[in-house]
Amino acid sequence: MKALFQILIVATCICIVVYYTNVEPSKTEVLEGPTTITKPVIDLESTQQSINELPRPTTGISIYIGKSASEILDNYGKPVRVDPTEFGYEWWVYENKAGLFMVGVMNNIVTQIYTNDMSFNTTPYTINESIDDIYRMTIFEQEVTFESDDNVYLFAMNEEDMKNRILVKYDDVYIQLYIDNETNTLYGVRFLDGATLVLHKSYEMQFFGELVEANTPSSFAQIEINLANGRILTALTNAFREKFELPKLAYSNVLTSLASDNSEQMFLTLMETQTTESEKFDVGGELVALEISYEQLGENVAANYKDPIEVLHGWINSKEHRALVLNEDYTLIGSGAYVNNFTQLYMK
């Protein structure tokens, strides 16, 4: 009888393991980044408009754009970490309970600042401000220009950009307003200079003169950039969850590694290498091979995005992707990037 009881216990455990390792993962479709076109201007005069520039804010964190990075250290101390980017600047990352504060630094000069933390002064806008109030306060132009020496760059927003990724020019500072379409509120703000805006090419862009491009990172540097982008994407996701009073997801080395492998596989597939349809990366299968059981597994993917900020913005404004980001049952997270392809895995 005792032996039979032990056999039943073992059989039950095996059934549980089989059940948990065969749960169908929640997978979303690949979210494609905004389509952007960069082309030269043939007739400059026909594209130039007389647009009244708004005066640059004299208070708030935007005043650091163009200043020495030492002023950031004097006022905010050392960052939690410094992450490289493919655009040549570094991200100085500050994290706290209320969100993230990220400072882009190139040659010891502050080129951009991003935050989703309402404790920071983001004048002339406020985190969690309603989109209606934003439109009442500012008259937006669908086209924004940047001039540098003899070069002219014209950025055009499409209808979708005007809803949730608004670009505003304030003298020599540009502001990107990231809107959460579900709540119709401002969830993140990015202040940046014109040169960085040109490097990012986040909007349809026409140019007259020289097209400035970021230097292609070495293969070793790209590895570090990929790892950094994964870390930032995880931090951004947890910050967004905390806004909805959900617990932060614990970092998982295994999920991070698998997310990185999946992003690389996406890149290789898009590059039309020898990868075939049957060789697609199977995260669930990899976990089974590692003898890791799970109760729930989720997978968000994105392609052709400029950076992790843009990725999370895309996910939270897609119903299916947002549902995974804000799933209250998940406990673990891992994010991986490979060039402009991103994967985020969630597990319980």
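Residues numbered from 1 in each chain as written. Predicted model: local features only at pLDDT ≥ 70, side-chain atom pairs only at ≥ 80, totals over all residues. Heavy atoms only, no water.

By the naming in an unreviewed UniProt entry, the protein is CAP-associated domain-containing protein, taken from Solibacillus palustris.

Chemist: So what about the environment of Tyr-125? Which residues, and what values?
Modeler: Along the chain, Tyr-125 turns up in the loop between β7 (109-115) and α4 (131-137). Looking at Tyr-125, the relative accessible area reads 2%, which means it is buried. Separated by 12 residues in sequence, Tyr-125 and Met-137 have C-alpha atoms that sit 9.1 Å apart. Setting aside its immediate chain neighbours within four residues, Tyr-125 contacts Ile-134, Met-137, Thr-138, Phe-140, Val-168, Tyr-170, Ile-175, Leu-177 and Leu-186. At 2.9 Å, the side chain of Tyr-125 forms a polar contact with the side chain of Thr-138. (Helix = DSSP H or I, 4+ residues; strand = E, 2+ residues; numbered from the N terminus. Buried < 20%, exposed > 50% of the residue type's maximum accessible area, 1.4 Å probe, protein only. Contact = heavy atoms within 4.5 Å. Polar contact = N/O pair within 3.5 Å; in protein donor to acceptor, adjacent residues only side chain to side chain.)

Chemist: Requested: an account of the sheet that holds strand β10 (residues 165-170), with residues and values cited.
Modeler: Picture the strands of a sheet paired through backbone hydrogen bonds; they go either parallel or antiparallel. Sheet architecture is open: 7 strands sit in the order β4-β5-β6-β7-β12-β11-β10, paired in antiparallel fashion. Whereas interior strands pair on both sides, the edge strands pair on one side only; in this sheet they are β4 (81-84) and β10. Direction aside, neighbouring strands of the sheet carry axes that sit 20 degrees apart on average. Bridging between β7 and strand β12 (residues 185-192) involves 4 bridges; their strand directions are antiparallel. (Pairing = 2+ DSSP bridges. Axes fitted to C-alpha atoms, helices over the stretch in contact; angles between N-to-C directions.)

Chemist: I'd like a description of the sheet that holds strand β9 (residues 151-156), backed by residues and values.
Modeler: If you trace the 4 strands from one edge of the open sheet to the other, you get β3-β13-β9-β8, paired in mixed fashion. What marks the edges here is a single partner per strand, and that holds for β3 (38-40) and β8 (143-148). Between one strand axis and the next, the sheet turns through 20 degrees on average, direction left out of account. Pairing of β9 with strand β13 (residues 204-208), which is carried by 5 bridges, proceeds in the antiparallel orientation. When the sheet's bridge partners are listed, Tyr-153 is paired in β13 with Phe-207.

Chemist: Pulling in residues and values, what's your account of the nonpolar core?
Modeler: If you look at the biggest cluster of nonpolar residues, it comprises 42 residues, and the most contacted ones within it are Val-103, Tyr-125, Phe-155 and Leu-177. Ranked by residue count, the leading element in this core is strand β11 (residues 173-180), at 5 residues. Residues contacting Phe-155, with those up to four places away along its chain left out, are Gln-142, Glu-143, Val-144, Phe-146, Leu-167, Leu-197, Val-198, Tyr-203, Glu-204 and Met-205. Of all hydrophobic cores here, the second largest spans 34 residues; its members include Leu-236, Ala-239, Leu-246 and Tyr-330. (Core = buried A, V, L, I, M, F, W, Y, C linked by side-chain atoms within 4.5 Å.)

Chemist: Tell me what's going on with the side chain of Asp-193, and back it up with residues and numbers.
Modeler: Along the chain, Asp-193 turns up in the loop between β12 and α6 (194-200). Despite its burial, Asp-193 pairs with no opposite charge; the closest candidate is Arg-56, at 9.0 Å N-O. (Lys, Arg positive; Asp, Glu negative; His and termini not counted. Salt bridge = Lys/Arg side-chain N within 4 Å of Asp/Glu carboxyl O.)

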